[in-house]
Amino acid sequence: MSSKKLNKVAIIMGSQSDYSTMKYSKKVLQSFSIKCDVKIVSAHRTPKRMFEFAKNAERNNYSVIIAGAGGSAHLPGMVASLTSIPVIGVPIESKKLKGMDSLLSIVQMPKGIPVGTVAIGKDGAINAGLYAASIIGLQNKKVKNSLLKFRLKQSKSVKKKPK
């Protein structure tokens, strides 16, 4: 498989309502010209779809999977258990527990099935996009250079003295 093909990210989520958070991962990836597919894949309501997605992820040339999930948040871990592709879990903020349930579910994966976990909500979705870009940047110099420019611009935006 050529490294040129390994520049695509899958963004998956458990339900349509999760897209209001996960759209930020998509925006970040698009800003780095990284191709991405966005899909609704529920671990609980569409387990066969989830299984087929995970089993075919490598064949579909995904280099990273970003999985947003709320509540019991099993999607990132279940997908990670079915593929060797890096999975980044984004905890979706919930009404009852403000996303703490999702965060703890994603971060407490058993030994042997790692899931990279980011912050709850929008900031986590943005960081998941940046994390995926850094993984792709290991093989893609254009993405790596764009990421370095992004970080330099970010550093320059921090003032030296308060006004």
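Residues numbered from 1 in each chain as written. Predicted model: local features only at pLDDT ≥ 70, side-chain atom pairs only at ≥ 80, totals over all residues. Heavy atoms only, no water.

**Considering unusual backbone geometry**
Line of reasoning, step 1. Despite not being glycine, Ser33 has its phi angle at roughly 55 degrees, a positive value.
Line of reasoning, step 2. Mapped onto the elements, Ser33 comes out in the loop between α1 (19-31) and β2 (35-40).
Line of reasoning, step 3. We classify Ser33 as exposed; its relative accessible area is 59%.
Line of reasoning, step 4. Positive phi, normally seen in glycine, also occurs at Ala73, with a value near 50 degrees.
Line of reasoning, step 5. Note that Ala73 resides in the loop between β3 (62-69) and α3 (75-82). (Helix = DSSP H or I, 4+ residues; strand = E, 2+ residues; numbered from the N terminus. Buried < 20%, exposed > 50% of the residue type's maximum accessible area, 1.4 Å probe, protein only.)

**Observations regarding α3**
Line of reasoning, step 1. Three or more residues of α3 are buried, namely Leu75, Pro76, Gly77, Val79 and Ala80.
Line of reasoning, step 2. Where α3 is buried, its residues touch β1 (8-13), α2 (47-56), β3, β4 (87-91) and α4 (100-107). (Contact = heavy atoms within 4.5 Å.)

**Describing the packing of α1 against helix α5 (residues 122-137)**
Line of reasoning, step 1. Two numbers describe how α1 lies on α5: the axes approach to 7 Å, and their chain directions differ by 30 degrees. Here α1 is positioned roughly parallel relative to α5, judged by the angle of their axes. Classified by chirality, the crossing of α5 by α1 is right-handed. Contacts between α1 and α5 involve Thr21, Met22, Tyr24, Ser25, Val28 and Leu29 from the first element and Lys122, Ala125, Ile126, Ala128, Gly129, Leu130 and Ala132 from the second. (Axes fitted to C-alpha atoms, helices over the stretch in contact; angles between N-to-C directions. Parallel < 35°, antiparallel > 145°, perpendicular 65-115°, else oblique. Left-handed = near helix turned anticlockwise from the far one by under 90°.)

**Here we look at the side chain of Ser25**
Line of reasoning, step 1. Structurally, Ser25 is set in helix α1.
Line of reasoning, step 2. You can call Ser25 buried: its relative accessible area is 0%.
Line of reasoning, step 3. Among residues more than four places away in sequence, those in contact with Ser25 are Ile11, Ile66, Ala125, Ala128 and Gly129.

**Observations concerning the pattern of salt bridges**
Line of reasoning, step 1. Under the criterion given, the structure shown has one salt bridge.
Line of reasoning, step 2. One salt bridge in this structure joins Asp37 and Lys8, with 3.8 Å as the shortest N-O distance. Placement of Asp37 in strand β2 and of Lys8 in strand β1 is noted, with a sequence separation of 29 residues between them. (Salt bridge = Lys/Arg side-chain N within 4 Å of Asp/Glu carboxyl O.)

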